[in-house]
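# Fold and contact review
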Amino acid sequence: MSRLSIPGSGLAKGLAVTLRTMTKKTVTEQYPDVQPELPPRTRGVIGLFEENCTVCMLCARECPDWCIYIDSHKETIPAAAPGGRDRSRNVLDRFAIDFSLCMYCGICIEVCPFDALFWSPEFEYSETDIRDLTHERDKLREWMWTVPAPPALDPGAEEPKELAAARKTADKLAAQQESARQESAPHETTRQRAARVTEPHADEQARAAEQPTRPMGDSKQQTDQPGPTSGRSKPRTTGDEPDQEGRE
Ligand code: SF4
Ligand code: SF4
């Protein structure tokens, strides 16, 4: 049995929907004129921090799509002390990811034991040719700088051991540089060192002293005055001419 419909009820329903949505906040993104605000954990692209990569190949082995390509060679590092053993290490030659195969599962990032891979929210890397979606290490490194900083620690939380280790290494390096510098200039006192750092260079001081000082006053007046080489400047006098006071 068909329902009775009041004439014009459809129009009234439509107008009601229009009025309801008119009062709501718009959700349309004005991309590309306005960049979207993405959450920090967005899976846009994978960035590589090369310095941390030890070429252990774990990421390439665990990738379900086999879309990570790594090439490397071995390098021998001579022993640090006489009688010690030479060491060998892997040197990265190629690190590429084929983003046409990648399914953004994040397994490579999870399994990397040395924190060399990170998610970046960067997403503007579409290509017209699918072959151009294989990106090499230089590009992956560039994306590394778009990775957002990690969220702040909870109040009272223990400092991560990576940060503590990095600070210890930086302090050690600074101490080594300071001792090397003191060895090269052993008689320099702290005051001399401070003076060397703060005083401008002697050449710069001499150059500053030679600079003509500009007279104070209206800049317009300054430009109207004849310069030392203009036609209205005082003519050079010879020894035979009387000076301004009439002396011969
Ligand atoms: S995100 Fe997944 S599919 Fe993509 S490279 Fe990493 S492991 Fe492979
Ligand atoms: S798992 Fe990490 S350290 Fe090992 S090869 Fe991959 S990126 Fe490099």
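For every chain, the first residue of the written sequence is number 1, and numbering continues from 1 onward in sequence order. To read the labels, note that chains go from A and ligands from 1, taken in the order they are written. At least 70 in pLDDT is required for a residue's local features to be given in this predicted model, at least 80 for side-chain atom pairs to be given and counted, and no such filter applies to totals for whole chains, interfaces and linings, which use all residues.

## Some remarks on the site of ligand 1
In the vicinity of ligand 1 there are 13 residues, among which Cys63, Cys102, Cys105, Ile107 and Cys108 approach most closely. Residue polarity follows a fixed list, in which Ala, Val, Leu, Ile, Met, Phe, Trp, Tyr, Cys and Pro are nonpolar, Asp, Glu, Lys and Arg are charged, and the others, Gly among them, are polar. Among the residues making up the shell around ligand 1, the classes are represented as 11 nonpolar, one polar and one charged. Here is the check we use: build the C-beta atom from the backbone, and if it is within 6 Å of the molecule or strand, call the residue near.

## Quick look at the site of ligand 2
In the vicinity of ligand 2, the residues found are Cys53, Thr54, Val55, Cys56, Met57, Leu58, Cys59, Ile70, Cys112, Phe114, Ala116 and Leu117. For the shell around ligand 2, a count of residues per class yields 11 nonpolar, one polar and no charged.

## Quick look at the sheet that holds strand β3 (residues 87–98)
Two strands form a pair only when DSSP identifies at least two bridges running between them. In DSSP terms, a helix is any run of H or I states spanning at least four residues, a strand is any run of E spanning at least two, and both are numbered starting from the N terminus. Read across the open sheet, the three strands follow the order β2-β3-β5; overall the sheet is antiparallel. Two strands bound the open sheet, and with one partner strand each, they are β2 (68–77) and β5 (134–135). By the bridge criterion, two bridges tie β3 to β5 in an arrangement that is antiparallel. When the bridges of β5 are listed, Asp98 appears paired with Thr134.

## A look at the pairing of strand β1 (residues 45–48)
On β1, burial covers both faces: Val45 and Gly47 on one face and Ile46 and Leu48 on the other are all buried. In the sheet, β1 pairs with strand β4 (residues 117–120) via four bridges, with the strands oriented antiparallel. If you follow Leu48 over to β4, its bridge partner there is Leu117. Three exposure classes are used, all based on how many other C-beta atoms lie within 10 Å of a residue's own C-beta (placed from the backbone): buried at 20 or more, exposed at 12 or fewer, and partly exposed between those limits.

## With respect to the confidence of the model for the protein
As a per-residue quantity, pLDDT reports the predictor's confidence and falls between 0 and 100. Taken over all residues, the pLDDT of the protein has a mean of 80, while the share at 70 or more is 73%. A pair of residues counts as a contact when their C-beta atoms, built from backbone coordinates, are separated by no more than 7 Å. Confidence drops under pLDDT 50 across residues 211–248; counting only partners more than four residues distant or on other chains, this segment forms seven contacts.

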